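The chain contents come next:
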There are 2 protein chains.
Amino acid sequence: MKLSGIGESGLVERIRHLLPRASDALLGIGDDCAALRPREGRDLLLTTDLLVENVDFTMQTITPFRLGRKTMGVNISDIAAMGGLPRAALVALALPPETEIEFVDQLYRGLQDEATRFGVELIGGDLSASPTLVIGVTLVGEVEPGRAVTRSGAKQGERIWVTGRLGASSAGLLALGAGFRLRDDDQVEAPSDVSTELREAVRRALNRHLCPVPRVREGRALAEAGLASAMIDLSDGLASDLGHLCRESGVSARIREDQVPVDPAASAIAHYLGKDAMTLALHGGEDFELLFTSSWEPTEIHDMFSDGPGVTEVGEVEEAGHGCLLVQRTGNEVPLAGGYDHFRR
Amino acid sequence: MKLSGIGESGLVERIRHLLPRASDALLGIGDDCAALRPREGRDLLLTTDLLVENVDFTMQTITPFRLGRKTMGVNISDIAAMGGLPRAALVALALPPETEIEFVDQLYRGLQDEATRFGVELIGGDLSASPTLVIGVTLVGEVEPGRAVTRSGAKQGERIWVTGRLGASSAGLLALGAGFRLRDDDQVEAPSDVSTELREAVRRALNRHLCPVPRVREGRALAEAGLASAMIDLSDGLASDLGHLCRESGVSARIREDQVPVDPAASAIAHYLGKDAMTLALHGGEDFELLFTSSWEPTEIHDMFSDGPGVTEVGEVEEAGHGCLLVQRTGNEVPLAGGYDHFRR
């Protein structure tokens with residue numbers, strides 16, 4: 001059945017029954033506002049994001065369940081990038097009236113599934129009609145006073161680190177373009193006969209692209225230890241996001257190509273498609289790993305990341321002036337030009 | 001110049017300089033999240049809204065400055081409807097790259113102007129590209145613990161009240177359809193020669209439609225006095241919003257047509273256009289007055305509203321069963337069917 005068949009109040013009722021009553025929320029869904037009691041002595045973190053169909057995503061390559069998970073995940077990542085603990089979410093949906101109710105159910109199941117993984121409660125939102133699907137998510141997190149890790153604290157002489165490995169998400173996007181698909185049961189559909197190894201690489205890359213894992217635990221650990229001087233999550237790509245961090249901190253940076261942790265899945269897919277894996281790692285977006293700067297010793301930082309996605313030193317912070325430089329394997333230094341600009345695509 | 005000319009980071013810089021540094025905010029614009037220190041011992045209210053061009057508004061009939069004011073105002077109204085004090089806002093914009101920068105400047109000036117009137121600080125947001133303009137606003141407010149006025153507290157035997165007068169906003173919408181316009185200097189452009197009286201009525205109606213005034217002071221007074229048992233703001237229209245309140249409270253209602261406060265501007269415009277003013281007052285949306293229920297005596301309530309938009313008793317809460325009834329001037333009782341449904345337009 002379509003939304004036009006059950007109407008707005010029918011849909012509100014349906015969503016209300018789909019979602020568990022949030023324990024943190026003071027009110028259920030269905031009032032003018034959501035209400036939340038903040039934990040005493042915590043600062044609030046707030047982030048908001050708009051996703052527009054056929055601009056930020058296409059239903060040709062993602063299931064509604066995964067779209068819900070990803071939408072929630074990338075907003076949680078913004079809280080992680082400040083060292084915060086995500087807590088509550090509001091979801092505003094603008095939907096075509098001819099949307100199938102099953103689509104909305106699956107989208108909410110995905111939002112709820114990802115929220116639950118990170119202790120986030122869906123406490124409210126808004127529904128309206130629109131010719132194309134638009135999703136607006138607002139996330140509320142909290143952090144100990146003065147502990148939020150901003151983009152602006154990097155200082156000359158500090159080391160630059162990234163969590164995990166890079167490039168798999170944009171390799172996944174290339175795989176989608178080449179006709180690979182990931183079903184909700186995690187099976188890969190390939191456009192032609194491919195090796196088991198490539199199929200596994202594509203599975204990993206598509207999971208990274210379609211269901212990125214926000215690094216909440218790692219961001220919290222860094223904030224609690226007071227270890228990171230500046231931090232950002234890699235949404236636009238290392239080159240672009242490092243540029244943001246340097247601009248806000250008033251510093252330059254030097255990245256060493258031979259230290260950049262390229263995801264093996266990115267290497268395998270790049271090789272299969274005749275692309276350059278390092279380009280994916282440096283300029284591909286949506287890895288949602290954390291990039292941070294620190295004056296701490298490498299051993300201390302490695303100790304902290306002894307389990308989980310790992311952490312790699314990729315370069316150092318330098319005084320303002322030359323922007324971001326990449327030291328290539330050959331020893332050549334080139335500007336690390338980035339990256340994604342919404343208005344200059 | 002167009003957005004594609006200055007790019008995303010150019011636009012972020014421009015907005016950063018356009019807005020005053022928020023005193024409540026712990027961070028300026030430009031980080032992964034906004035940060036806010038909540039006042040101790042207050043509950044948080046959160047509301048979010050998506051506005052899509054050519055669905056929720058058209059640039060044919062509103063200037064970017066007024067669109068900014070209205071967008072902020074209607075979200076502030078959601079906080080007012082809970083008896084809360086609005087405090088901070090996040091604004092997410094999805095814009096076509098060919099948008100003129102001047103348009104974005106004016107939109108932000110309008111958002112900021114309305115925010116300032118109500119002590120709200122713009123602390124963050126998000127920018128992205130989209131073929132049509134989409135505005136996502138999230139508002140954070142606060143209220144004393146347990147004082148938030150929900151939709152669900154109305155009880156049989158209580159009186160039903162509305163602030164202000166109704167129907168002017170939808171009369172303004174009709175006036176726009178008839179070719180009237182309101183310039184930013186508050187002058188009315190009429191499609192033909194009209195009387196001074198009608199011109200004044202149109203000015204008032206267009207102001208009500210294009211720049212609705214959220215009833216923050218009235219909502220706060222009701223919450224602080226513990227006077228309202230349930231409350232909602234009139235966004236979809238009296239019939240529809242009373243229906244929401246009755247459904248959430250599990251009650252019925254009876255409204256008396258001869259007590260409904262019709263705005264004189266609605267009467268004048270309805271007369272000029274051959275429409276029924278009472279229909280506008282009962283079913284027209286976007287008046288953004290408050291509808292509330294109370295067991296208090298009328299004299300006590302009138303005393304509280306001795307200045308400002310005034311308040312009118314329009315009916316009473318009854319036990320569940322018959323829904324919302326309208327007692328017409330003739331004495332006939334008819335169902336007060338409402339109203340606006342996003343998916344059944």
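Procedures and definitions
- Residues numbered from 1 in each chain as written.
- Chains lettered and ligands numbered in written order.
- Predicted model: local features only at pLDDT ≥ 70, side-chain atom pairs only at ≥ 80, totals over all residues.
- Helix = DSSP H or I, 4+ residues; strand = E, 2+ residues; numbered from the N terminus.
- Rg over C-alpha atoms; globule rule 2.2 N^0.38 Å.
- Contact = placed C-beta atoms within 7 Å.
- Least-squares fit on C-alpha atoms with pLDDT ≥ 70 in both.
- Nonpolar A, V, L, I, M, F, W, Y, C, P; charged D, E, K, R; others polar.
- Pairing = 2+ DSSP bridges.
- Buried ≥ 20, exposed ≤ 12 C-beta atoms within 10 Å, placed from the backbone.

S.K.: Account for the overall build of chain A, naming residues and giving values.
M.R.: Counting its regular elements, chain A contains 10 helices and 14 strands. Taking 20 Å as the expected radius of gyration for a compact globule of 345 residues, we find that chain A reaches 21 Å, a close match to that expectation. Considering only C-alpha atoms, chain A reaches an extent of 65 × 55 × 40 Å along its principal axes. A separation threshold of at least 6 residues defines the contact pool for chain A, and within that pool the share at least 24 residues apart is 84%.

S.K.: Quick one: what's the story with the relation of the copies chain A and chain B, residue by residue and with numbers?
M.R.: When chain A is fitted onto chain B, the two copies agree to an RMSD of 0.0 Å after a turn of 180° and an axial shift of 0.0 Å. The two molecules are tied by a two-fold rotation axis, judged by turn and shift.

S.K.: Describe the interface of chain A and chain B, and please don't skip the residues or the numbers.
M.R.: With 59 residues of chain A in contact, the opposing surface of chain B contributes 59 residues. Within the residue set of the side of chain A that touches chain B, elements represented by two or more residues are helix 1 (3-18), strand 1 (34-36), strand 2 (43-52), helix 2 (64-80), strand 3 (85-95), strand 4 (121-129), strand 5 (134-143) and strand 9 (230-233) of chain A. Looking at the side of chain A that touches chain B element by element, the count peaks at 9 residues for strand 2 of chain A. Tallied by class, residues from the side of chain A that touches chain B come to 29 nonpolar, 14 polar and 16 charged. Across 3 bridges, the pairing between strand 1 of chain A and strand 2 (residues 43-52) of chain B is antiparallel. Looking across to strand 2 of chain B, one finds that Ala35 of chain A is bridged to Leu45 of chain B.

S.K.: Describe the environment of Thr150 of chain B, with residues and values.
M.R.: Residue and element names in this part refer to chain B. With respect to the helices, strands and loops of the structure, Thr150 is situated in the loop between strand 5 (134-143) and strand 6 (159-163). Take Thr150: there are 25 C-beta atoms within 10 Å of it, and that puts it in the buried class. Separated by 98 residues in sequence, Thr150 and Glu248 have C-alpha atoms that sit 8.9 Å apart.

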